Amino acid sequence: TAIYFTGYQGLNVASITNLRSSFFKNNIDYKVAKNSLLKIVVNENNLSELENVLKGDTAIAISYDEPVMPAKILKEFLKDNDLPVIKGIIIDGKVIEAEMFEKLSKMDSKEAMLGQLVSMLNSPLQKLVSTLNAPMQNTLGLLENLKNKS
């Protein structure tokens, strides 16, 4: 789970609607939140690093499946807009500085990274199988040659 805290003041209704639509298409909730309620949650979960984030207007983007997808959507949205401001981020219960937003927006999805990991693990296994099969193939080739000579 990932939660992105944003400052939305200054966005017009059409822009916010467009942003919400992009989030919705990717199974991400985007809600305007009261800082007083967020402070209660922050205090109950010992996330004091977020105290400074909860000033001014706050909207939160919550992704239940893909932690970097809100960053990708916000980055794309910010190409044509000056807002929203990224105030803070929580990923899997860990507070991440807003400055990490750029790096997160460039990361591959969780599914893509898992695919890369499987590929990296699979490659040495394929080499091992090839190495183990080589003597068997050589023996079979030798037997085939002997058979053809007879």
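Every value quoted in this text rests on a predicted model; they were computed, and no experiment measured them.

1. Structural notes on the overall build of the chain
Part 1 of the argument: When you go through the chain residue by residue, the secondary structure sums to 5 helices and 5 strands.
Part 2 of the argument: In sequence order, the secondary structure elements of the chain are arranged as β-α-β-α-β-α-β-β-α-α.
Part 3 of the argument: For the chain, the residues scored as buried account for 31% of the 150 residues in total.
Part 4 of the argument: A sequence separation of at least 24 residues applies to 78% of the contacts in the chain between residues at least 6 apart.

2. Quick word on the pairing of strand 1 (residues 2–7)
Part 1 of the argument: By the criterion of burial, strand 1 is predominantly enclosed, with 5 of the 6 residues buried.
Part 2 of the argument: As paired elements, strand 1 and strand 3 (residues 59–63) share 5 bridges and run antiparallel to each other. Each bridged residue has a counterpart across the sheet, and for Phe-5 the counterpart in strand 3 is Ile-60.
Part 3 of the argument: In this structure, strand 1 lies alongside strand 4 (residues 85–91), joined through 6 bridges in antiparallel fashion. Bridge pairing in strand 4 links Thr-6 to Ile-86.

3. Here's the deal with the sheet that holds strand 1
Part 1 of the argument: Taken in spatial order, the 5 strands of this open sheet run 2-3-1-4-5, and their pairing is antiparallel. Strand pairing shows two members of the sheet lacking a second neighbour, strand 2 (28–32) and strand 5 (94–96), which therefore form its edges. In this sheet, adjacent strand axes meet at a mean angle of 20 degrees when their direction is disregarded.
Part 2 of the argument: Sheet topology note: the strand 2/strand 3 ladder contains 5 bridges and is antiparallel. Of the residues in strand 3, the one forming a bridge with Val-32 is Ala-59.
Part 3 of the argument: The strands touched by helix 1 (residues 13–25) are strand 2 and strand 3; relative to strand 2, the strand with the most contacts, the crossing angle is about 145 degrees.
Part 4 of the argument: In the packing of helix 3 (residues 69–78) onto the sheet, contacts are made with strand 1, strand 2, strand 3 and strand 4, and the angle to strand 1 comes to roughly 30 degrees.

4. Focus: the environment of Glu-99
Part 1 of the argument: In this structure, Glu-99 sits in the loop between strand 5 and helix 4 (101–106).
Part 2 of the argument: Its relative accessible area of 64% is what places Glu-99 among the exposed residues.
Part 3 of the argument: For the pair Glu-99 and Ile-89, spaced 10 residues apart in sequence, the C-alpha to C-alpha distance is 9.5 Å.

About the thresholds
Residues numbered from 1 in each chain as written. Predicted model: local features only at pLDDT ≥ 70, side-chain atom pairs only at ≥ 80, totals over all residues. Heavy atoms only, no water. Helix = DSSP H or I, 4+ residues; strand = E, 2+ residues; numbered from the N terminus. Buried < 20%, exposed > 50% of the residue type's maximum accessible area, 1.4 Å probe, protein only. Contact = heavy atoms within 4.5 Å. Pairing = 2+ DSSP bridges. Axes fitted to C-alpha atoms, helices over the stretch in contact; angles between N-to-C directions.

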